[in-house]
Amino acid sequence: MADFGGFMRFTVNGSPLTLRAKFESEPSALEMDGGANQNGSIYRTMKPMGYIFEPTFEDTPTGTATALDWAAIMLGGPYNISLVEEQTGRLHTWTGAQFEGKPRVDHMTGEVTGIKGRATAYAKTSS
């Protein structure tokens, strides 16, 4: 049985952001689309898209009562981002990343959704 998930540490330019719930990533910078010609032959087209990841954050850093400045986070960048999977020892890094989307804060749970990251480079290493 493969090990996934568990506790994950997420940093943006060395500063931690707390993750909640899920974290998804797209480990290919290309989107491939296919079709068929009139003669029955097939083809595909390629669209560059960068390396995309979709985190769910916590709005308030642990031990503080102050919410994060999401406008500043969204306007900032490019960022160097890392994600460490404590259970597996995997390290994911995104270089030259920017955030996009429309942050939404659930004030009942503290979850922040609606944000995607897009980077120019991605690497995954195992310890």
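How each quantity is defined
Within each chain, residues carry numbers counting from 1 in the order of the written sequence. The model is predicted, so local features are restricted to residues of pLDDT at least 70 and side-chain atom pairs to those at 80 or more, both for listing and for counting; the totals for chains, interfaces and linings are taken over all residues. Processing note: side-chain calculations cover all non-hydrogen atoms of the structure and skip hydrogens and water entirely. A pairing counts as a salt bridge when a side-chain nitrogen of Lys or Arg comes within 4 Å of a carboxyl oxygen of Asp or Glu. A run of H or I in DSSP becomes a helix once it reaches four residues, and a run of E becomes a strand once it reaches two; helices and strands are each numbered from the N terminus. Only protein chains enter the accessibility calculation, which uses a 1.4 Å probe; a residue is then buried when its area is under 20% of its type maximum, exposed when over 50%, and partly exposed in between. We define the nonpolar core as a collection of buried residues of types Ala, Val, Leu, Ile, Met, Phe, Trp, Tyr and Cys that are connected through side-chain atoms lying within 4.5 Å of one another. By the convention used here, residues are in contact when the closest approach between their heavy atoms is within 4.5 Å.

The name an unreviewed UniProt entry assigns to the chain is Phage tail tube protein, from the organism Methylocella tundrae.

A few words on the pattern of salt bridges. Tallied over the full model, the rule gives five salt bridges. Of the charged contacts in the structure, one is a salt bridge between Glu86 and Arg9, with a shortest N-O distance of 2.3 Å. On the criterion of sequence distance, the pair formed by Glu86 in the loop between strand 7 (79–85) and strand 8 (91–105) and Arg9 in strand 1 (residues 8–12) is long-range, its members being 77 residues apart. The partly exposed category is assigned to Glu86, whose relative accessible area is 40%. We classify Arg9 as partly exposed; its relative accessible area is 43%. Taking the shortest distance from any N to any O, the salt bridge between Lys22 and Glu24 comes out at 3.8 Å.

All right, on to the nonpolar core then. Formed by 21 residues in total, the largest nonpolar core has its most connected members in Phe10, Phe53, Phe57, Ile81, Trp94 and Phe99. Secondary structure elements with two or more residues in this core: strand 1, strand 3 (19–26), strand 6 (51–58), helix 1 (70–75), strand 7, strand 8 and strand 9 (111–119). Look past the residues within four positions of Trp94 in its chain and what remains in contact with it is Phe23, Ser25, Tyr51, Phe53, Tyr79, Asn80, Ile81, Leu83, Ala119, Ala121 and Tyr122.

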